[in-house]
Amino acid sequence: MAGGQDLPDGVTDEGLRAALLARCRTLKIEPPGRVERIAGAGRARFEREFCLHVLNGLSADSARSLWELATGEDGFLQELKSDPGRLGLETLLEEIRKLRRAKALGLSADLFDGYSDRLVASWRARAMASHPSDFAANPPAIRLTLMAALAWSRTTEITDALVDLFIGLVSKINTRRKVERAIEAEAKKVHRKTEKLFSIAEASLRRPEGTVRQVVFPAVPGGEATLKALVAEAKADAKTFKAQVRTVLTSSYSSYYRRMLPKLLAAIEFKCNNTAYRPVMDALDLLQRYADIPNTTRHYDASENVPIQGVVPDGWLEAVVDENGVIERASYELCVIVSLKDALRRREIYVAGARRWRNPEEDLPADFEDNRDVHYEDLRQPLDATVFIETLKGAMRASMAACGEAVARNKSGGTKVRTHRGEPRWHIPDLGKLTVPENLRALHTEVAARWGIIDLLDFLKESDFVTDFTDAFATVATREATPREVIRKRLLLVLYALGTNVGIKRVADGGRHGETEAALRATRHLFVNRDNLRKAIATLVNATRKMRDPLWWGNGTACASDSKKFGSWSSNLMTEYHARYGGPGVMIYWHVDRKSVCVYSQLRSCNASEIAAMMEGVLRHCTDATIDRQYTDSHGQSLVGFAFSYLLGFKLLPRMKNIARQKLVKADADDQVPSCLTGMVADKPIDWKIIAQQYDQMVKYATALRLGMAEAEQVLRRFTRGGPKHPTYKAIEELGKAVKSIFVAEYVALQELRREIHEGLQVVENWNSANTDLFYGSAGTLPGSDKEHQEVSMLSLHLLQSALVFINILLVQSVLKDPAWQKKMTDADKRGLSPLFWSNANLYGRIDIDMDRRLDLGLAA
């Protein structure tokens, strides 16, 4: 049991009992009669050893500081637990103060070495749910271990939050939107050129066959000289505009945001492994040396070696370096923090002591060189790059030939190549709308007729009776004093309150269930957290897959993903303005299979990478299925996404709204192109040489994604545009072009594929529609001032909606066991069959729960 690695789900009694029984089965011996007692003794022994290890790693000063922190007298304990608020300078400065106090506790970075992250996270969760009185009730060793796990974890999390705040603030500083609007409005008043431009346009339309000298010059007074003056004025305006933008941004930084810089540099240690970003690191060293020099000193000393190349953009040279070669500090600092932000986002510069923003090399498998063959086998990719390339070449040639044949014979639903404004483009007819089969409406009516209108809470209760998903909710306390049946009832009420967003107070006051608000809040506090909710969802979703009949629902190996915007509190750091949907909020990214079973959900900011979210869902979904086909909307057509999906063994199938302009790519320069595809194939073939050179590195990054060594978004940040490209980036782009070319050829040639993608995305759109009706409390706004509270609400909605799907599957299958209904169901009915309907659900009204009353599921059970 060393390091807690052999303990399922941490060190709970249930996990130990399962591990003991598994061990007995392996040894083929009879399990002992007192399994629970042995498991409890083993857990207590492991806990003592773990606490002893932590205590031995604490210095006397650290132990004393943790002991004082546990009392909560100075308020820092609550401050340490809290997440940062809304994006702003004061929030960043507050987090710097918090990080400084957390580091002052003196905890070693290797305090928990040899123990799993999952074990430390379980102690952190227990400490997060504890009050000072709870800490005081524990023995000294456990009290100090709880505080050490909390402080050690939160120090890393605060560091990550500081980086997020810094990136967000610099983006906010560097915005030019307000400056541009003000200058453009002023330009319209000062420069009255509308009449002249109108005269030119009118003359050009009147005589389109004439020359510029014949038509345009006479249209304005002064002719050619006036036009030259207008061009010169426009250039002068552009130069003035850029200068004014630089002035406003520098002024904003100098007068307000500049005070964050010395404190940030003192709190965070930036590091870099890429020599291309050495100028940025040298610039940070310079800023560090000048941190204590007053801002009244406007320029750097002439003897300083100030890095310019790679730090200051060309458009800012005039603002940074004056005519005498003297460098202005404020403008230079602004350029440095912008360059630092870009380098951080691309993971080329990292932060010591962070988790998400740590050294990117730590995201990669350390044993890759020693176990290369194992990792290649797990990805089902050949060890030889030549075999990999030849296989891909064959697929490219076959897909292009099939596309050419389909277009030539017009067997692809009317797909043609047409000329539009002198350029050849794909012309793909609209698929058209399919009618809803009448038998499905009748089926829903039959379900409602047999079982009546069911309270939404009963969907949750009946799902638990069948699957026991509430067993996944283990307490973060040391023991459970309340009977489990009472906890089960309270859990269902709490999950309903969170999943509908009506709140615990409304549930406590709105029904005849006999539970007080205090009891429900205690249950929420001790039992309901992100980890427990994900385990419960996994239990319910896997049971759904096991219960449903493949005859009606299929095998569920294809998944669609899309995001939905939810409103959120402005005090939450996750809250961002969404440019497309408008207004502040967050995004929930859903992964739903073709028969409306949601396998994964995740909370994202509005500007987060949707490609990374898609990959995270495919790789981390909570089912026992293997997802081999992934549908996405147009955002999925990323070269990086195509490349990694191919390496990871699933097909990325995005809906291509801009398919008309897409080009196929030749495998080799001398490959023959079908005559009907003339103009639709790019001239430049794939660069296989760089793919062969970087093949091993690409597989290494794919392995890191598969193993979940870091968030997909953090791994993929190294493959984003801008700045010097990562050495593997070019190979990823070339591989993505090859895989995308195969997909485009299939998309053009096969109407069935286009229909399949469209139907898959319609399913996730329907799931989003259900979100609106089920998550109706507080106008559907995600509550909470931190990410954890929002994730708990999201996962509760996921669980509640999955319970609705689970019970509907059982009810529908019960109806479809009737031979008369089986005869009615056509292929169109099977295609449109979905368990995600709520016409048989009572979403509102009194909130009552009777644990002794069961739905008569009949044959469905």
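Here the structure is a predicted model, which is why all the values come from computation and not from measurement. Numbers given to residues run from 1 along each chain, matching the order in which its sequence is written. With the structure being a predicted model, the display of local features is reserved for residues of pLDDT at least 70 and the display and counting of side-chain atom pairs for 80 or more, all residues being used for whole-chain, interface and lining totals. Processing note: side-chain calculations cover all non-hydrogen atoms of the structure and skip hydrogens and water entirely.

**A short note on the environment of L431**
Elements are defined by DSSP. Helices are runs of H or I of four residues or more, strands are runs of E of two residues or more, and each kind is numbered from the N terminus. Structurally, the position occupied by L431 is in the loop between β4 (423-427) and α19 (438-451). What makes L431 partly exposed here is its relative accessible area of 22%. Each C-alpha atom, one on L431 and one on R754, is 8.2 Å from the other, the two residues being 323 residues apart in sequence. Contacts between residues were defined by any pair of non-hydrogen atoms, one from each residue, lying within 4.5 Å. When neighbours within four sequence positions are excluded, L431 is seen to be in contact with Q751, R754, R755 and H758. Note on exposure labels: buried denotes an accessible area under 20% of the residue type's maximum, exposed denotes more than 50%, and partly exposed covers the range between, all computed with a 1.4 Å probe on protein chains only.

**Points about helix α20 (residues 456-467)**
To estimate the expected span of a helix, count its residues, drop one, and scale the result by 1.5 Å. For α20, built from 12 residues, the straight-helix expectation of 16 Å at 1.5 Å per residue is met to within 8% by its first-to-last C-alpha distance of 17 Å. Those residues of α20 that sit buried are L456, L457, D458, F459, L460, K461, E462, S463, D464, F465 and T467. Buried residues along α20 sit against β5 (454-455), α21 (484-500), α24 (530-547), α31 (751-774), α32 (787-816) and β12 (841-842). One or two steps after α20, the chain reaches D468, where phi turns positive at roughly 60°.

**A few points about the packing of aromatic side chains**
Classification of ring pairs rests on two measures: the distance between centres of Phe, Tyr or Trp rings, Trp counted by its six-membered ring, which must be within 6.5 Å, and the angle between planes, read as stacked under 30 degrees, edge-to-face over 60 and tilted in between. Under the criterion given, the structure shown has 21 aromatic pairs. Where F368 meets Y376, the ring centres are 6.2 Å apart and the plane angle is 40°; that geometry is what we call tilted. Residue class for F368 comes out buried when judged on its relative accessible area of 0%. Members of the aromatic cluster, connected to one another through ring pairs, are F46, F50, F112, Y115, W123 and W152.

**A short note on helix α18 (residues 385-409)**
Helix length check: α18 (25 residues) gives 36 Å between terminal C-alpha atoms against 36 Å at 1.5 Å per residue, within 8%. Along α18, the residues that are buried comprise A385, F388, I389, L392, K393, M396, S399, M400, C403, G404, A406 and V407. Contacts from the buried residues of α18 go to β3 (416-420), β4, α27 (639-648), α28 (688-707) and α30 (729-749). Of the residues that open α18, the one with a side-chain oxygen 3.0 Å from the backbone nitrogen of T386 is D384. Immediately downstream of α18, the backbone of N410 shows phi near 55°, a positive value. Under this definition, polar contacts are N or O atom pairs within 3.5 Å; protein pairs additionally need one hydrogen-donor-capable and one acceptor-capable atom, and for neighbouring residues in sequence, both atoms have to be side-chain atoms.

**Side note on the pairing of strand β8 (residues 584-593)**
Taking burial as the measure, the 10 residues of β8 include nine buried ones, the bulk of the element. Two strands pair under a simple rule: DSSP has to find at least two bridges between them. Bridge analysis of strand β7 (residues 576-577) against β8 gives two bridges, and the strand direction is antiparallel. Within the sheet, the bridge partner assigned to Y577 lies in β8 and is P584. Taking the residues that link successive antiparallel strands as the turn, the β7-β8 hairpin has six residues, and the phi of G582 there is positive, at about 80°. As defined by bridge partners, β8 adjoins strand β9 (residues 598-604) across six bridges and the pair is classed as antiparallel. Across the sheet, residue W590 finds its bridge partner in β9, namely S601. Counted between consecutive antiparallel strands, the loop separating β8 from β9 contains four residues, among which S596 sits at a positive phi close to 70°.

**Focus: the state of the cysteines**
Pairs of cysteine sulfur atoms within 2.5 Å are what we label disulfides. Summed over all chains, the structure comprises zero disulfides. Free of any disulfide, C559 has its nearest neighbouring cysteine sulfur in C598, separated by 7.8 Å.

**Some remarks on the pairing of β3**
Sheet topology note: the β3/β4 ladder contains five bridges and is antiparallel. Its bridge partner lying in β4, R418 is registered against R425. Between β3 and the antiparallel strand that follows it, β4, lie two residues; R421 among them carries a positive phi value of about 55°.

**A word on the nonpolar core**
Take the buried Ala, Val, Leu, Ile, Met, Phe, Trp, Tyr and Cys residues and link them wherever side-chain atoms come within 4.5 Å; each set so joined is a nonpolar core. Counting 160 residues, the largest nonpolar core has W426, L460, F473, V528, F644 and L799 as its most contacted members. Broken down by element, the residue count for this core peaks at 17 residues, all from α32. Residues within four places of L460 in sequence aside, it is in contact with F469, L492, L495, Y496, L799, L800 and A803. The next biggest cluster of nonpolar side chains, apart from the first, holds 85 residues, and it includes L92, F166, V320 and L334.

**Notes on the confidence of the model for the protein**
pLDDT runs from 0 to 100 and stands for how confident the predictor is about each residue. The pLDDT averaged across the protein works out to 88; a share of 93% of its residues lies at or above 70. Taken together, the stretch residues 1-11 has pLDDT below 50 and engages in 29 contacts with residues farther than four places along the chain or on a different chain. Below pLDDT 50 for its whole length, residues 186-192 participates in two contacts with residues either more than four positions away or in separate chains.

**Some remarks on the environment of H299**
Within the secondary structure, H299 sits in the loop between α14 (278-289) and α15 (317-320). Separated by 225 residues in sequence, H299 and R524 place their C-alpha atoms 57 Å apart. Every residue in contact with H299, bar those within four places of it in the chain, is listed here: V326, I327, E328 and R329.

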